[in-house]
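Listed below, chain by chain, are the residues.
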Amino acid sequence: MAKASISSPTRKHLDSPVFDELGMERDPDNLYLQTIDAVLHAAEVLKLPHHVQIIMAQPKNEIMVHFPVEMDDGHHRLFKGYRVQHNNALGPYKGGLRFHPHVSLDDVKSLAVLMTMKCSLVRIPYGGGKGGVKCDPRSLTTNELRRVVRRFVAAIAPQIGPDYDIPAPDVGSNAQMMAWFADTYAGITNGTRDAMAVVTGKPIAVGGSVGREKATGQGVIDVLAELLPELNIQMKGGTCSVLGYGNVGSWSAKLWAERGGKVLAAMDHTGGVINKNGLDTSALDEHVKATGGVANFKGGDKCTADEFYKTKVDVFIPAALEQMINPERAKQLDCKVVAEAANAPTTPAGERILMEKGVEIMPAILCSAGGVTVSYFEWVQNKTHTIWDLEKVDDELNRHMVMAARRTQMMRQKYGVDMRTAAYMAALENIGEAYALRGIFP
Ligand code: NAD
């Protein structure tokens, strides 16, 4: 692989003139500004026209809604919801809905940018969006959660649609919630079956796709299978550790083990577990589903966060929340590769330390693009009234992931940049071409 140069640990951050032009602050701790900084850096290396750079620097629409919901005890609570539509030059806005107490506008904006980049990198005809509701879904009853979802849909229904903006699940939301979402939207819009294509990640019985649940984890493994041999790392017999054992983490771990690798350690919000001979990833998954976390899993020894991060592995897979690999954790990591399965798991300062240590970072817009790719397949099946089998979904997913990995590698070799910059450049090249052909109205 080409050595990182332009986006080296010494590159200046938040130095694009676009920040001043648009009156944006230069707060290094703000996730949105960090994300845009990396995008603008890639845009400059690519010499993307100025007008495309300023378009990319801000979302097209930022929608914020407040809506009341009746709780089971009869009192009403006001909820805050977001839908950010970053860019639709390549197709309808697309991106998940996060239900979490810490959902904030800037974080949603940042995740929306990543969606624009992800969809473009894997060449699916979508733009980028993201949304969420500020709440703790675990503290709500099923009936309360259903009412929250339905009221949120009612609040944003005029701004979304199966050909305009298509949400999906993210942290804190699931297939059942997408079924309520689609049903409410179809009811409000007097929609035909086509209205159900307004969201993806639905249960199979209401138009979901086979293979969607494991898709993000599978995409991580497809990318690793393509890129690890160039680093002289074999998945068979190779070692990894996984941060987060939810949807993405558990599937990445299970599929890594299925290819003959060992998962030495796993950690989530309940604790950590380690087994030098390799964890039984399926048994751990069952344990997490039964108990809510990896803590107290009998198939390994309990470990502290420090021990977890210091475990020597070939590949470290962050699959939990954003910004968890900070400088302290980056110093502790003893791995050759970080495969970013979560969105934006590495802080810029953490990234600089990893690069100084010679760790290869496979960026989130590449590694975690499998979910949206199979969401796209679900939408295509809905729109064409067809049903694909698992073999077709897996084959098509693999093709998109392998091509995205190669596209990233080609950019990297051509420009001598790090892999994150290369992935952004491969995404921006496609968007730049669309703007060059479409022009700017009027
Ligand atoms: P999830 O809710 O199923 O799992 C999240 C995991 O993170 C859980 O295991 C949880 O215990 C863990 N976690 C939370 N806080 C933690 C902490 N402080 N320390 C350690 N672990 C902690 O979510 P998911 O769908 O697996 O998503 C994980 C990440 O992948 C998110 O960044 C999400 O945006 C991203 N992502 C998900 C998909 C998808 O298809 N689900 C697609 C692309 C990207």
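Bear in mind the structure is a predicted one, so any value in this text is a computation, not a measurement. Per chain, residue numbering runs from 1 following the sequence as it is written. Side-chain atom pairs in this predicted model are given and counted only at pLDDT of 80 or more, local residue features only at pLDDT of at least 70, and totals for whole chains, interfaces and linings cover all residues. The basis for every side-chain value is the complete set of heavy atoms in the structure, and neither hydrogens nor water enter the calculation.

**Student:** Any chance you could explain the sheet that holds strand 2 (residues 76-87) here in plain terms?
**Tutor:** Strands pair in a sheet through their backbones, by hydrogen bonds, and they do so in one of two ways: parallel or antiparallel. Taken in spatial order, the five strands of this open sheet run 1-2-4-3-5, and their pairing is mixed. Each end of this open sheet is capped by a strand with a single partner; those strands are strand 1 (61-70) and strand 5 (165-169). The mean inter-strand angle of the sheet, taken between neighbouring strand axes irrespective of direction, is 20°. At least two DSSP bridges between two strands are needed for those strands to be called paired. Numbering of helices and strands runs from the N terminus; a helix is a DSSP stretch of H or I covering at least four residues, while a strand is a stretch of E covering at least two. For strand 2 and strand 4 (residues 128-134), the ladder comprises six bridges, and the chain directions are antiparallel. The residue of strand 4 that forms the bridge with glutamine 85 is glycine 129. Working convention: axes come from line fits to C-alpha atoms, limited for helices to the stretch in contact. Angles between N-to-C directions cover 0 to 180 degrees.

**Student:** How should I be thinking about the site of the ligand in this particular structure?
**Tutor:** Proximity is defined per residue: if any heavy atom of the residue lies within 4 Å of a molecule or strand, that residue is considered near it. If you check the shell around the ligand, you find 23 residues, and the closest are Thr216, Tyr245, Val248, His269 and Asn343. Here a polar contact means two N or O atoms within 3.5 Å. Within protein one must be a hydrogen donor candidate and the other an acceptor candidate, and residues neighboring in sequence count only if both atoms are side-chain atoms. A distance of 2.9 Å is found between an oxygen atom of the ligand and a backbone nitrogen or oxygen belonging to tyrosine 245. Note that an oxygen atom of the ligand is positioned 2.8 Å from one of the side-chain N or O atoms of asparagine 343. If the ligand stood free it would expose 830 Å²; the protein chains cover 80% of that surface. Put simply, Ala, Val, Leu, Ile, Met, Phe, Trp, Tyr, Cys and Pro go in the nonpolar bin, Asp, Glu, Lys and Arg in the charged bin, and everything else, Gly too, in the polar bin. Across the shell around the ligand, the residue classes break down as ten nonpolar, seven polar and six charged. In this entry, domain limits derive from an automatic or database-based domain assignment. Mapped onto the domain boundaries, the shell around the ligand takes at least three residues apiece from domain 2 (59-198) and domain 3 (215-367). Per-residue and other accessible areas follow the Shrake-Rupley method at a 1.4 Å probe size, with only the shown protein chains counted as cover for residues.

**Student:** Is there a simple way to explain the domain arrangement of the protein chain in this structure?
**Tutor:** Interface size, as often reported, equals the accessible area lost upon joining of the parts. For the protein chain, the assigned domains read domain 1 (8-55), domain 2 (59-198) and domain 3 (215-367). Measuring from the centre of the C-alpha atoms in domain 1 to the corresponding centre in domain 2 gives 27 Å. Contacts between domain 1 and domain 2 engage seven residues on the former and nine residues on the latter. Here domain 1 meets domain 2 over a buried area of about 700 Å², counting both sides, of which 65% is carbon and sulfur. Salt bridge, as used here: a side-chain nitrogen of Lys or Arg that lies within 4 Å of a carboxyl oxygen of Asp or Glu. Viewed at the interface, domain 2 and domain 1 are joined by zero salt bridges. For the pair domain 1 and domain 2, the number of links is two residue pairs in polar contact (both at pLDDT 80 or more). Tallying contributions element by element places helix 2 (residues 31-46) first for the side of domain 1 that touches domain 2, with five residues. Split by residue class, the side of domain 1 that touches domain 2 holds five nonpolar, two polar and no charged. By definition, residues are in contact when any of their heavy atoms lie within 4.5 Å. Buried area: the accessible area, evaluated with a 1.4 Å probe, that two parts lose upon being put together, summed over both parts.

**Student:** In this structure, what is going on with the nonpolar core? I would like to understand it.
**Tutor:** The nonpolar core is taken to be a set of buried Ala, Val, Leu, Ile, Met, Phe, Trp, Tyr and Cys residues, with the residues joined through side-chain atoms within 4.5 Å. Residue exposure (1.4 Å probe, protein chains only): buried if accessible area is under 20% of the type maximum, exposed if over 50%, otherwise partly exposed. Counting residues in each nonpolar core, the largest one holds 93 residues, and the members touching the most others are Met117, Leu224, Trp256, Leu284, Val315, Met362 and Leu428. Take this core: its biggest share by element is eleven residues, from helix 2. Contacts of valine 315, omitting those with residues within four sequence positions, involve Leu224, Leu228, Thr239, Cys240, Ser241, Trp256, Val337 and Ala339. Counting residues in hydrophobic clusters, the runner-up holds 30 residues, among them Leu97, Phe99, Val153 and Ile156.

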